[in-house]
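Structural features, examined
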Amino acid sequence: MTPQLEVQLIAVVIAATCALPGVFLVLRRMAMLSDAISHTVLLGIVLGYLISNNLASPLLFAGAVVIGVITVWLVELVSGSQLVREDAAIGLVFPMLFSLAVLLISRYAGTIHLDTDSVLLGELAFAPFDRIDLLGIDLPRALVIGSGTLLLNAVLLILFYKELKLATFDPAFAATLGFAPHIIHYGLMTSVSLTAVAAFDAVGSILVIALMVAPPATAYLLTNRLPRMIGLSVILGVVAAISGYWLARWLDVSIAGAMATMTGIIFGLAWLFAPQRGLVAQVWQQRRRREQFALQLLTLHLFNHEGSGNERIECHPDHLIIELRWSPTFVSTVVRRAEQIGLIRRQGSVLFLTEQGRRFAQSVEV
């Protein structure tokens, strides 16, 4: 396998790994916790190194996961006091823990490979050079760790899918069924911490956040079904990873930065053009509702004055400007549309309902 292919494969695995827990973070409106966790796990790594004095020690991984869970607990502790909101609690907790990690690196670990810039930005291009032997096969460490984390996240999702779904959409009902929403919550946060630790060594915390939030948020705009949202999140993350890699090669820029940019571009396209929730679709739906309401008002007005002595006055387009308080341009647009779909007809300058228009007016609930 060439280094270029290995870089793309690592990115694909990490994108899929981040998407699985990211779906539930987005649905629970806790997306910014991924930002906090992906930064504060650095403190766990530093503490693990200071205890073991070995960058290869499992204590670094374990410490990072523990600090990730502690981050969630501290955020909930601060926000639970009801003195500050959750977003403010996140803004208080994670800078404090991350800054403490930076201070410890500067004071006690300045000569080792714990660089804050690489933690934030990552460098996927170097990932293939850090290799391990697995069952006689020489593989990049990031690919092995990422694949293991992906497998673990997938297994946990399959085993606890029903519990996660209930605790996410109806925690009170989940509690009545004995599912312990708090345990499920902290289990999910542990999975997020594991994913952040496994991923950011290769891709950096910024890309971890982008891959954990943007693909699920994009999928949320495209579907209302949870299984489809999970599948779409993985697919969109993979598409962003691959397209970001080739964008980085084309522009000769940071691979992680280009991938994060692509997650934003893909989300932007969905935000604009999603079939039901996109901005264009919403504008179109509002326009259709306004048109439907205008047609209802027009046909009701004509129906109420049909056969009356002042019909030729009340049913004249110019009178609609006064009666319905519409602009001349809007009156012209609505009348033209009503004629196109067969609701009204003209006799000279007076408007009359067709049989279809009469039924349409009678069907309107007043």
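Let us look at the structure shown here. (Residues numbered from 1 in each chain as written. Predicted model: local features only at pLDDT ≥ 70, side-chain atom pairs only at ≥ 80, totals over all residues. Heavy atoms only, no water.)

This next bit is on the overall build of the protein. Scanning the protein for helices and strands turns up 16 helices and 4 strands. Here the C-alpha coordinates of the protein stretch approximately 100 × 50 × 40 Å along the principal axes. For the protein, the residues scored as buried account for 47% of the 366 residues in total. Here the analysis covers contacts within the protein between residues at least 6 apart in sequence; of these, 65% occur between residues at least 24 apart. (Helix = DSSP H or I, 4+ residues; strand = E, 2+ residues; numbered from the N terminus. Buried < 20%, exposed > 50% of the residue type's maximum accessible area, 1.4 Å probe, protein only. Contact = heavy atoms within 4.5 Å.)

This part takes up helix H10 (residues 226-251). A rise of 1.5 Å per residue sets the reference length of H10, with its 26 residues, at 38 Å; its end C-alpha atoms lie 36 Å apart and thus fit the reference within 8%. Phi turns positive one or two residues past the end of H10, at Asp252, with a value near 60 degrees. (Expected span 1.5 Å × (residues − 1).)

A word on the packing of H10 against helix H11 (residues 255-273). Packing of H10 against H11 brings their axes to within 7 Å, and their N-to-C directions diverge by 130 degrees. What the angle tells us is that H10 and H11 run oblique. Where H10 crosses over H11, the two elements pack in a sense that is right-handed. Residues Leu236, Val239, Ala240, Ala241, Ser243, Gly244, Tyr245, Leu247 and Ala248 of H10 touch H11, and the partners they reach there are Ile255, Ala258, Met259, Met262, Thr263 and Ile266. (Axes fitted to C-alpha atoms, helices over the stretch in contact; angles between N-to-C directions. Parallel < 35°, antiparallel > 145°, perpendicular 65-115°, else oblique. Left-handed = near helix turned anticlockwise from the far one by under 90°.)

Another point: the nonpolar core. Counting 81 residues, the largest nonpolar core has Leu124, Met189 and Leu207 as the members making the most contacts within it. A total of 17 residues in this core trace back to one element, the largest contributor, which is helix H9 (residues 181-222). Ignoring any residue separated from it by four or fewer positions in sequence, one finds Met189 in contact with Leu25, Met30, Leu33, Ile37 and Val72. By size, the runner-up hydrophobic cluster in this structure holds 20 residues, among which are Leu302, Val331, Leu343 and Val350. (Core = buried A, V, L, I, M, F, W, Y, C linked by side-chain atoms within 4.5 Å.)

Below, the discussion takes up unusual backbone geometry. At Arg29, a residue that is not glycine, the phi angle is positive and equals roughly 60 degrees. Structurally, Arg29 is set in the loop between helix H1 (3-27) and helix H2 (31-52). Residue classification places Arg29 among the exposed positions, given a relative accessible area of 78%.

With that out of the way, let us pick up the pairing of strand S1 (residues 131-134). For S1 and strand S2 (residues 137-140), the ladder comprises 4 bridges, and the chain directions are antiparallel. Directly across from Asp133, in S2, lies its bridge partner Asp138. Linking two consecutive strands that pair antiparallel, namely S1 and S2, is a turn of 2 residues; a positive phi of about 55 degrees is found at Leu135 within it. (Pairing = 2+ DSSP bridges.)

So, about the packing of aromatic side chains. The way to describe two aromatic rings as a pair is by their centre distance and the angle between their planes. Under the defined criterion, the tally for this structure stands at 2 aromatic pairs. With a centroid separation of 5.3 Å and an interplanar angle of 85 degrees, the aromatic rings of Tyr245 and Trp246 are classed as edge-to-face. Owing to a relative accessible area of 4%, Tyr245 belongs among the buried residues under this scheme. A centroid spacing of 5.2 Å and a plane angle of 90 degrees characterise the contact between Trp326 and Phe330, whose relative ring orientation is edge-to-face. Sitting over the face of the ring of Tyr220, Arg277 holds its NZ or CZ atom 4.4 Å from the ring centroid. (Phe/Tyr/Trp six-rings, centres within 6.5 Å; stacked < 30°, edge-to-face > 60°. Lys NZ or Arg CZ within 6 Å of the ring centre and 35° of its normal.)

As a further point, take the pattern of salt bridges. Following the criterion strictly, the structure yields 6 salt bridges and no others. Between Glu6 and Arg131 there is a salt bridge, and its shortest N-O distance comes to 2.8 Å. Highlighted residues: Glu6 in helix H1 and Arg131 in strand S1, separated in sequence by 125 residues. Assessed through its relative accessible area of 3%, Glu6 is described here as buried. In this structure Arg131 comes out as partly exposed when scored by relative accessible area, which is 29%. (Salt bridge = Lys/Arg side-chain N within 4 Å of Asp/Glu carboxyl O.)

Everything listed here is a matter of geometry and, on its own, says nothing about what the molecule does.
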